[in-house]
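Structural features, examined
Chain residues, written in single-letter form:
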Amino acid sequence: MKKIIALTAALVMLAGAVSCGKKSATKKDSPTAVSPVFSYNPAYIEMTDSFSRIVSLDINQKSGQILIFGQLDSGSWSGFITDSGFSDHEQFDFTPAEDETVLGAASMGFGKTAVLTSLNNSAVIHVIGSDGTAEKSVQTDIPIDTEESGDFMVNIFSCANGFVIRYGSDPAYFVAENGIAEEINTGGADIFGISADGEGNAVMLLHDSDGEGKISSVNGDSTTDCGKLSSSALAMCRGIGKYSYIAVFTNGLYGLEGSEWVMLSDFSDTPFNALNILDIVTTAENEFAVLIWTDSGTELYLLSERDISALKSKKVIKIAAIPNSGNVPDMVFEYNETHKDGDYHMEIVTYDYQPETGETAAELLKSDIISGNAPDVITYPVDGIDFNGYYMNLFDFMENDPDISQEDFIPNILDSMSVNGKLPYIVPHLEIRTMMAKSKFPFVSENWSYDEFIAAYEAMPDGMSIIGNPEARSMEENFLSFVNIYDFIDYEKAECNFDSPQFAAMLDFVRDNKLGMTYDELVNYDPSLNAMNNYDPIALAENKKLIAGTNISYFQDIWVQSSYFCDDVTFTGRPSLSGNGTFTIPSNYSTSLSIPKNAENPDGAWDFIKFYFSETGYQKHRLSFPILQEHFDKTADHCLENKAGNENLAKLPDDGWVTAVRYTNAELTEYEILEPLTEEELQQYKEFVYTAAGNFVRTDEMTEYIIYDEITEFFNSSKSAEDTAAMIQNRISIYLSETYG
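Being a predicted model, the structure only gives us computed values, none of them experimental. Within each chain, residues carry numbers counting from 1 in the order of the written sequence. Local features in this predicted model are restricted to residues of pLDDT 70 or higher, and side-chain atom pairs are both shown and tallied only at a pLDDT of 80 or more, whereas totals for entire chains, interfaces and linings draw on every residue. Side-chain figures throughout are based on the complete set of non-hydrogen atoms in the structure, without hydrogens or water.

Thoughts on the nonpolar core
What makes a nonpolar core is a set of buried Ala, Val, Leu, Ile, Met, Phe, Trp, Tyr and Cys residues whose side-chain atoms join them at distances within 4.5 Å. The buried label applies to any residue whose accessible area, calculated with a 1.4 Å probe on protein chains only, is under 20% of its type's maximum; exposed applies above 50%, and partly exposed to all values in between. In terms of nonpolar packing, the biggest core is built from 67 residues, with Phe409, Ile413, Met417, Ile426, Leu430 and Phe555 touching the most fellow members. In this description a helix means any DSSP run of H or I spanning at least four residues, a strand means any run of E spanning at least two, and both kinds are numbered starting from the N terminus. Counting residues per element, this core draws most heavily on helix α15 (residues 679-693), at seven residues. Among all residues touching Phe555, those that are not within four sequence positions of it are Phe625, Phe632, Thr635, Ala636, Cys639, Leu682, Tyr685, Lys686 and Val689. If you look at the next biggest cluster of nonpolar residues, it comprises 52 residues, including Met435, Met506, Leu546 and Ile706. Between two residues, a contact is recorded if the distance between any of their heavy atoms is within 4.5 Å.

A closer look at the packing of helix α6 (residues 450-459) against helix α8 (residues 501-512)
Between α6 and α8, whose axes approach to 10 Å, the crossing angle comes to 20 degrees. In terms of axis orientation, α6 runs roughly parallel to α8. Of the two elements, α6 crosses α8, and the hand of that crossing is left-handed. Contacts between α6 and α8 involve Tyr450, Phe453, Ile454 and Tyr457 from the former and Gln502, Ala505, Met506 and Phe509 from the latter. Axis lines are fitted to C-alpha atoms, over the contacting stretch for helices. Their N-to-C directions set the angle, which ranges from 0 to 180 degrees. Working rule for angles: under 35 degrees goes down as roughly parallel, over 145 as roughly antiparallel, 65 to 115 as roughly perpendicular, anything else as oblique. Each crossing gets its handedness from the near helix: less than a right angle anticlockwise from the far helix is left-handed, clockwise is right-handed.

Topic: the pairing of strand β23 (residues 277-284)
Both faces of the sheet carry side chains from a regular strand, because those side chains alternate between them. The element β23 is largely enclosed, with a buried count of seven among its eight residues. Pairing of β23 with strand β24 (residues 287-294) involves six bridges; the strand directions are antiparallel. Looking at β24, one finds that Ile277 is bridged to Ile292. Linkage of β23 to β24, two consecutive antiparallel strands, is achieved through a turn of two residues, within which Asn286 is found at a positive phi near 60 degrees. Only strands joined by at least two bridges in the DSSP assignment are considered to pair.

Observations regarding the sheet that holds β23
Note on sheets: strands pair through backbone hydrogen bonds, and any given pair is parallel or antiparallel. Reading across from one edge, β2-β25-β24-β23 is the order of the four strands in this open sheet, with antiparallel pairing throughout. Of all the strands in the sheet, just β2 (40-44) and β23 have a single pairing partner and so form its edges. Across the sheet, the mean angle separating the axes of adjacent strands is 30 degrees when strand polarity is ignored.

Here's the deal with the sheet that holds strand β18 (residues 223-228)
Strand order in this open sheet of four strands is β15-β16-β17-β18, and the pairing throughout is antiparallel. The sheet terminates laterally at β15 (190-196) and β18, the two strands that pair on one side only. In this sheet, adjacent strand axes meet at a mean angle of 25 degrees when their direction is disregarded. Bridge analysis of strand β17 (residues 212-217) against β18 gives four bridges, and the strand direction is antiparallel. What sits directly across from Ile215, in β18, is Thr224.

Concerning the environment of Met727
Structurally, the position occupied by Met727 is in helix α17 (residues 721-740). Its relative accessible area of 35% is what places Met727 among the partly exposed residues. The spacing of Met727 and Asp499 is 228 residues in sequence and 8.5 Å in space, taken between C-alpha atoms.

Quick word on unusual backbone geometry
Of note in the backbone geometry, Phe86 takes a positive phi value of approximately 50 degrees without being a glycine. For Phe86, the position within the fold is in the loop between β5 (77-82) and β6 (89-94). Judged by its relative accessible area of 10%, Phe86 is buried. With a phi angle near 55 degrees, Cys566 is a residue other than glycine that sits in the positive phi range. Its location among the elements puts Cys566 in the loop between α11 (555-563) and β33 (569-571).

Next up, the structure:
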């Protein structure tokens, strides 16, 4: 299928993001994890090929019948009733009313099925008999607005004398057979998951104010302690054997043994991770069916215990990771799959938040690195560690490696990542942060200083804004999008100069010109007033907006974003002291890879790191700038004309062909197709990336926290810029001395 991609210019600030699973409530860090107990073999269940999407997977606890419910390729809704062999099935069809939205289904007793829908913004339960015919419909008064939040996030569970319904992170309701709904009283505890017990009745995984977990019946008559919890379950079901319940938390598959959650799998042996899982049922002891979502839709897999006898002769290389650790589980899985005849087997060790002590994953990992007890590979940037000799020098591995050397990487990047001539970490993929403006304005200059940036604002013609709708964001956001805070830090010397006049001048610049909202204004802000915000590309062409502060992830970004100006463009970068305001950071698809100096298996660790620079690693992370020259050139070539004989098409490193377009109206409904790049244009873009690679920035969470804390007070008080800069200088100087000195 041909897709159409248009990448609009957007201001990017120094902030992070989190991702959510489809049926999850609000997520925090997940339970404490150790190495997994089992390895599972995933087998795709072909029975589900008839479905375009599956919304529910359930099992009848007494009969063992499994329900698969969803929308068929034909568009109709259907349920398959099968067993744990997933070979034969019985089928029933369900036809909703014209304005009715199908939400999910649950298996009932006696072969019946409950189908949950929303009609007139209220939940309706349809009971389908064992013969596939509709028996009755139960109207409830539970509000469900699918237009506002979509048709996912709604779960139904069958239990004695009724049903349990939960809508997203809202309270759960018990619905009697006559349709009367009553909110379930949890005694103030949060619901972290819902499942069925051995009798088929709904039970809840509760989390109280002290962080304690409990398995509770719906009416609260029966409760069982299950230890500390810090994450809601993405999916949950009854267990078999010594595990009474099974839950998928953000970092793996767990079984409840007595009152303790035991990690069964970190999903490093599957082509998906915990955040992909929507539903799970136990089909046999140590065997599970899981419903997952992918970019192409939903799929069903059977997880069975893997024979690990072949692994006993291999060296186990332990990979440190944190919850939601991006591509690490995928890369571990791919490595193990492609190195079955190799000497090493990769295994993830997840560091996680500790509710008992309040220690974060990063703090625990840092403590293990310093004490010499860390795993063989660190995949997470731990602030301060890489500057203090705790990591091995990766240049030494390259020097002795027949397959990869320093000369294989793009210009400038390894020097920019190195610390005192050593390479303590390597980031396989980059993204660029910069600013762009029309070259024709005399006040626009490449790599402008802070004074030049402020002067450009003062010289703008009437009717022009420095960015699109700056009043639609907080002053803190705008300040951090203008200023590269790392321009004021020298990690190698453990020094900073936030007390410079330029930093104070930028604080005054944002506040004096009211470039953004105060805290009180932000609390009362109606975002619908500025729906287009900074994403309106027409403002650039019509000279209503001076700059696009942008995040460039790959070559098509440069190409498309530059086109919105409809004129020659200057990459101004952010204003800077150094004269190099365009910089690179690790891409969202990448990570930071290091080997601790006390690693038990450094050669195996390097073999895993090297895997990121293999063809498999490249294929996994193509929406970025690879730092390996071979892959960098391959990514660049996708922008050229007539690749694979397709005129006017540029191949985005993704599935299929993509037409690069520039939108030509503010509503983003009209566009024009961009011509592919010429060799000369592409070479200019490559040189731009090479230069940016020489200004690689290693971010630091505590530094960002201190600055945000202080500038928030500044923008919401009468405190002077000089006093604010002095306070930031003092706090960060102490932090740098303690952490990097």
